[in-house]
Amino acid sequence: MIAFLVHPIGFAAAPYSLYWLIPMVLYFVKEKTVFMHCLASTFIAHSVGSVLWLYTGTMSAAVWMSLIPVVAIERFVFAGGMMVVYYAVSYLRNWLLNITPEKGLLHD
């Protein structure tokens, strides 16, 4: 967040960086859910990518500001997808661990 705000264009688009407070706030929540972990992870990745893009690309502050609603939808969709994959892999892992050599793959 600091790296974004010290850049002149980043400073002009400072509200964009407020998204990165989400992982910080979620860190202090006592009862964490899988979705909260996914949301924090996707916003952390977003912050790193945004700072890299800011320093290597050429976007105006107005463009950064116009992306604020897009980022909200994008990150919630990504977090939802991460959660679906987590539960699918967890289910598959549990299913595979319940397979014993005596029963094989086709047991009840």
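In what follows, the structure referred to is the one given above.
Colleague: Any details on the nonpolar core? Residues and values, ideally.
Modeller: Of all hydrophobic cores here, the largest spans 18 residues; its most connected members are F4, Y16, W20 and W64. The leading source of residues in this core is helix α4 (residues 34-56), at seven residues. Apart from the residues within four sequence positions on either side, W64 is in contact with F4, I9, A13, Y16, S50, W53, L54 and M59.

Colleague: Mind laying out α4, listing which residues take part and the relevant values?
Modeller: Over its 23 residues, α4 extends 33 Å from the first C-alpha to the last, a length consistent with the 33 Å expected when each residue adds 1.5 Å. Three or more residues of α4 are buried, namely M36, C38, L39, A40, T42, F43, H46, S47, S50, V51 and L54. Of the surrounding secondary structure, the elements contacted by the buried residues of α4 are α1 (2-6), α2 (8-12), α3 (21-27), α5 (61-66) and α6 (68-97).

Colleague: A description of the packing of aromatic side chains should follow, citing residues and the corresponding values.
Modeller: How two aromatic rings sit relative to each other is given by the distance of their centres and the angle of their planes. Inspection of the entire model under this criterion finds nine aromatic pairs. Relative to Y16, the ring of F4 has its centre 5.6 Å away and its plane inclined at 25 degrees; by these criteria the two rings are stacked. Placement of the pair is F4 in helix α1 and Y16 in the loop between α2 and α3, with a sequence separation of 12 residues. Residue F4 is classed as buried on the basis of its relative accessible area, which comes to 0%. Overall, Y16 belongs to the buried group, its relative accessible area being 2%.

Colleague: If you had to explain a nonpolar patch on the surface to someone new, which residues and values would you point to?
Modeller: Nonpolar side chains collect at one region of the surface, where L18, L21, M24 and V25 lie side by side and expose about 360 Å² of accessible area between them. Tracing the sequence through the fold places M24 in helix α3.

Colleague: Go over the pattern of salt bridges, please, and point to the residues and values.
Modeller: All chains considered together, the criterion is met by one salt bridge. Here R75 and E74 are joined by a salt bridge, their closest N and O atoms 3.1 Å apart. On the basis of relative accessible area, E74 is assigned to the partly exposed category, the value being 29%.

Colleague: Quick rundown of the environment of V6? Include the residues and the values.
Modeller: Considering the arrangement of structural elements, one finds V6 in helix α1. Overall, V6 belongs to the exposed group, its relative accessible area being 59%. As a C-alpha pair, V6 and Y91 span 85 residues in sequence and 45 Å in three-dimensional space.

Here is what the cut-offs are and how they apply
- Residues numbered from 1 in each chain as written.
- Predicted model: local features only at pLDDT ≥ 70, side-chain atom pairs only at ≥ 80, totals over all residues.
- Heavy atoms only, no water.
- Core = buried A, V, L, I, M, F, W, Y, C linked by side-chain atoms within 4.5 Å.
- Buried < 20%, exposed > 50% of the residue type's maximum accessible area, 1.4 Å probe, protein only.
- Helix = DSSP H or I, 4+ residues; strand = E, 2+ residues; numbered from the N terminus.
- Contact = heavy atoms within 4.5 Å.
- Expected span 1.5 Å × (residues − 1).
- Phe/Tyr/Trp six-rings, centres within 6.5 Å; stacked < 30°, edge-to-face > 60°.
- Patch = residues over 30% accessible without salt bridge, like charges linked within 9 Å, V, L, I, M, F, W, Y side chains within 5 Å.
- Areas by Shrake-Rupley, 256 points an atom, 1.4 Å probe, with all protein chains shown as cover.
- Salt bridge = Lys/Arg side-chain N within 4 Å of Asp/Glu carboxyl O.

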